[in-house]
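This is what each chain is made of:
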Amino acid sequence: MLRRLWLALSFAAGLIQPAAHAADPREDLYRQALHILGGNASVIHKWSGSIRLIVVGAPQMQPAARETLTEVAKIAGLSAQFPDAAIGSANDYLTLLRNSAPHSLASNCSPDPAAGRCFNFVVVFASSAQMEQIAAAIPLPRHFQLGLQRAGATPCYFAPYIRARHEIYKAVVYIRDDLPPEMQRTCLAEEIYQAMGMFEDYSDSKYFSFNNQVQAKQITAHDKALLRALYDPRVRLGTPANTVVRLFLEHHLP
């Protein structure tokens, strides 16, 4: 993710990098992939059900959001759905949140999960000030709210909801609405990919797009391969991260 709030507020995990690269490229790749999945002592988190996406604001970006989620879901072997929930602006979404149950994301899946306003993945295009209000109204966990305030003009970030058994079941992605279109597309792709369970950045990586560089770029073949390993059928919720990286190196490298 670009300018990671998650890392900045969790023991500076994204800032602590190995001092030197290993001579063996595979060892270097192992180290980077393991870091992106949380480190050697970590277990993985991932989605296990269908993902229902809505986009708030920036209607011109909706096709790109749907295309990215469709790609991600295909790699992960999950169902991607796109409810007919028209929320035209960040202010409209804020109003819905203030009239909804806390942490519901303003989603209403009962009594009919097929209803238009039933979703679990929200992409919000908004100003920094609007997103601070949205984060408080959801409410997102306090460290996300504080991080957003401290970071100021951060271009984008994601906030996952994770159950005790390591299942991701909701996510919010924020993208600043005044970014150039190419940066919005970069944010959109990276945040959706990372919200699938690849939570960390490895600074200046030459393999992964999750590298703390605030610039327009593309999702890489290594990003996709690591996602494929994460959602390999042999990988259960709570699997040690190093097990996933070994699968990545042995079976999923591009």
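Structure's up top.
Residues numbered from 1 in each chain as written. Predicted model: local features only at pLDDT ≥ 70, side-chain atom pairs only at ≥ 80, totals over all residues. Heavy atoms only, no water.

Examining the state of the cysteines
- A complete count under the given rule lists two disulfides for this structure.
- Linked covalently through their sulfurs, Cys-109 and Cys-118 form a disulfide whose S-S length is 2.0 Å. Classification of the bridge connecting Cys-109 and Cys-118 rests on its S-S torsion, roughly 95 degrees, and on that basis the disulfide is right-handed.
- Judged by its relative accessible area of 4%, Cys-118 falls in the buried class. (Disulfide = S-S within 2.5 Å. Buried < 20%, exposed > 50% of the residue type's maximum accessible area, 1.4 Å probe, protein only.)

Thoughts on the packing of aromatic side chains
- Summed over the entire model, instances satisfying the criterion amount to six aromatic pairs.
- A centroid spacing of 6.2 Å and a plane angle of 40 degrees characterise the contact between Phe-208 and Phe-248, whose relative ring orientation is tilted. Here Phe-208, found in the loop between helix 7 (181-194) and helix 8 (221-230), pairs with Phe-248, found in helix 9 (residues 241-252); they are 40 residues apart in sequence, far enough to count as distant. Judged on exposure class, the residue Phe-208 and its partner Phe-248 are both buried.
- Linked through ring pairs, Phe-144, Tyr-157 and Tyr-174 together constitute an aromatic cluster.
- Against the face of Tyr-169 rests Arg-163, its NZ or CZ located 4.0 Å from the ring centre. (Phe/Tyr/Trp six-rings, centres within 6.5 Å; stacked < 30°, edge-to-face > 60°. Helix = DSSP H or I, 4+ residues; strand = E, 2+ residues; numbered from the N terminus. Lys NZ or Arg CZ within 6 Å of the ring centre and 35° of its normal.)

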